[in-house]
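Coordinate inspection notes
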Amino acid sequence: KESTEWEKKDGSRVVSNDSELSSDSNTDDEESYWKKEDGERKKLAKKKQKAKDMTFLRPTTGHLFSKGIQNQKDVLPSIVRAEVSKSVGLIHIDGNAMGTGFRVGENYIVTCAHVINDAITAMPHFIDSERTSIEFGRTLYNKKEDPHQIFRIIDIKYLDREYDFAVLELDAHDTGVSFPPALTCFGKVCCSHVYLVGHPNCRQMMEDNVVPYWLPKHNEIILPDIKKLGDWSKGFFPYRKDYYVELSYPPRKIMFHTTFNQGSSGSPGVVIKDEKPCVVLMVRGGVPSCIYDGTCPTYGPMMKDDMKVEYGYAMEDIYEKMRNSSLEKDRNIASEIFKTWKC
């Protein structure tokens with residue numbers, strides 16, 4: 001005996017048979033079954049609606065207008081991040097956005113060396129100044145470029161491949177516009193939260209709040225995860241490659257989880273000291289590296305976010321290498337850039 005079913009507007013189900021049902025007991029059983037199904041479905045719908053409604057309410061113990069501190073935040077971090085944003089810019093090569101940089105010293109910016117690779121004409125200190133520039137103040141995606149906020153990059157003053165770090169000199173603006181303010185305070189990574197300000201996706205400026213981890217301080221937390229992710233990598237990617245093992249190799253990497261992706265290389269990571277921004281790291285990239293450099297794009301959509309690990313280099317480590325350089329010019333640049341140290 002064939003039967004069909006459909007659903008009424010009120011959510012109840014109706015069963016129609018092409019021939020008469022065999023017995024009244026079968027009819028009763030089916031009606032009981034569908035009533036139970038309807039009841040469970042309606043309960044679930046009520047729970048979902050209640051959860052949805054609660055997202056618009058403060059998490060209180062009383063009524064709709066109960067007072068609480070759950071949504072209150074200190075305004076200081078917002079003020080500090082806004083201050084940092086004035087010093088952060090989007091680097092362009094041939095008009096194409098490539099990555100992030102930020103102001104330091106009298107007329108310098110710093111960024112990751114790989115951001116400017118395409119504009120380096122000879123190693124290690126020659127850059128095509130006609131092709132490279134940095135744009136400050138891009139806070140909207142569709143914002144029209146402001147010529148007064150764009151400065152040409154004319155020279156490489158320092159470049160270190162180990163830490164992927166470059167100091168670039170800016171040309172004075174034709175109209176006499178002053179350089180954006182420089183970030184002058186630096187420190188060690190010693191806080192539980194770091195604020196990132198940069199240009200992920202090479203678009204408008206964004207910010208994120210991350211928790212940093214590094215070796216050897218967090219060995220017990222990091223090493224088991226690196227091992228687990230490495231085993232997964234060898235089973236997921238071609239050639240059984242472990243993309244995570246590099247996290248344990250020197251130089252020291254400051255690891256975190258962030259929404260920042262391509263385009264955010266060169267972003268400063270800051271903490272707040274004495275109500276001022278203090279730069280403690282610079283974003284370098286993430287692993288699996290093939291996801292970030294686009295060499296295996298088909299695997300990206302299949303990866304969960306918690307399988308990606310981003311990292312940067314500590315400004316403390318970069319400063320120590322520059323300060324101990326055998327070249328006097330490197331030491332002089334370090335003294336000019338890293339003026340104030342805290343933490």
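Provided above is the structure to which this section pertains.
The following refers to the structure shown. (Residues numbered from 1 in each chain as written. Predicted model: local features only at pLDDT ≥ 70, side-chain atom pairs only at ≥ 80, totals over all residues. Heavy atoms only, no water.)

From N to C terminus, the chain includes six helices and 19 strands. Across the 343 residues in the chain, those meeting the buried criterion constitute 41%. A separation threshold of at least 6 residues defines the contact pool for the chain, and within that pool the share at least 24 residues apart is 64%. (Helix = DSSP H or I, 4+ residues; strand = E, 2+ residues; numbered from the N terminus. Buried < 20%, exposed > 50% of the residue type's maximum accessible area, 1.4 Å probe, protein only. Contact = heavy atoms within 4.5 Å.)

Our next topic: the environment of T139. Topologically, T139 is positioned in the loop between β8 (132–136) and β9 (150–160). C-alpha of T139 to C-alpha of R203: the two residues are 64 residues apart in sequence and 8.5 Å apart in space. When residues no more than four places from it in sequence are discounted, the contact partners of T139 are Q204 and M205.

All chains considered together, the criterion is met by 18 salt bridges. For R138, the salt bridge goes to E135, with nearest N and O atoms at 3.0 Å. Across the pair, exposure class does not vary: R138 and E135 are buried alike. Among the ionic contacts, a cluster of salt bridges with common partners joins E130, R152 and D171. (Salt bridge = Lys/Arg side-chain N within 4 Å of Asp/Glu carboxyl O.)

Two strands pair when backbone bridges link them, and strand β12 (residues 194–198) and strand β16 (residues 268–273) are joined in this way by two bridges, in the antiparallel orientation. Among the inter-strand pairings, Y195 is bridged to a residue of β16, identified as V270. In the sheet, β16 pairs with strand β17 (residues 276–287) via six bridges, with the strands oriented antiparallel. From the neighbouring strand, I272 faces β17, where its bridge partner is P277. A loop of two residues connects β16 with β17, the two strands running antiparallel in sequence, and D274 in this loop sits at a positive phi of about 55 degrees. (Pairing = 2+ DSSP bridges.)

Below, the discussion takes up the state of the cysteines. Counted according to the given criterion, the structure contains zero disulfides. Of the cysteine sulfurs around C278, a residue in no disulfide, the closest is that of C185, at 3.4 Å. Residue C278 is classed as buried on the basis of its relative accessible area, which comes to 0%. (Disulfide = S-S within 2.5 Å.)

So, about the nonpolar core. Formed by 65 residues in total, the largest nonpolar core has its most connected members in F165, Y244, I337 and F338. When sequence neighbours within four positions are dropped, the list of residues in contact with F165 reads V110, T111, A113, Y158, L159, D160, M282, M315, I318 and M322. I254, F256, V280 and L281 belong to the second-largest nonpolar core, a separate cluster that totals 15 residues. (Core = buried A, V, L, I, M, F, W, Y, C linked by side-chain atoms within 4.5 Å.)

What follows concerns the packing of helix α5 (residues 315–323) against helix α6 (residues 328–337). Viewed as axis vectors pointing N to C, α5 and α6 meet at an angle of 140 degrees, and their least axial separation amounts to 8 Å. For the element pair α5 / α6, the angle class is oblique. On α6, the residues that touch Y319, M322 and R323 of α5 are D330, R331, I333 and A334. Of the residues in the contact of α5 with α6, the class split is four nonpolar, no polar and three charged. (Axes fitted to C-alpha atoms, helices over the stretch in contact; angles between N-to-C directions. Parallel < 35°, antiparallel > 145°, perpendicular 65-115°, else oblique. Nonpolar A, V, L, I, M, F, W, Y, C, P; charged D, E, K, R; others polar.)

Applying the stated criterion across every chain yields a total of 15 aromatic pairs. Their ring planes at 85 degrees and their centres at 5.9 Å tell us that W232 and F237 sit as a pair that is edge-to-face. When the ring of Y319 is compared with that of W341, the centres are 5.0 Å apart and the planes differ by 40 degrees; the resulting orientation is tilted. Taken as a pair, Y319 in helix α5 and W341 in strand β19 (residues 340–342) lie far apart in primary sequence, 22 residues in all. (Phe/Tyr/Trp six-rings, centres within 6.5 Å; stacked < 30°, edge-to-face > 60°.)

Note that strand β3 (residues 88–93) and strand β4 (residues 96–104) share six bridges and pair antiparallel. Pairing of G89 across the sheet is with G101, part of β4. Where β3 hands over to β4, the hairpin turn is made up of two residues, of which D94 adopts a positive phi near 55 degrees. Inspection of the sheet shows β4 paired to strand β5 (residues 108–112) by three bridges, in the antiparallel sense.

The subject of this paragraph is the sheet that holds β8. Sheets are built from strands that pair by backbone hydrogen bonding, the pairs being arranged parallel or antiparallel. A barrel is described by the order of its strands in space; here six strands give the closed sequence β3-β4-β5-β10-β9-β8, paired in antiparallel fashion. With strand direction ignored, the average angle separating the axes of adjacent strands in the sheet is 45 degrees. When β9 meets strand β10 (residues 165–170), the two strands line up antiparallel, connected through six bridges. Bridge assignment links L159 to a residue of β10, and that residue is A166.

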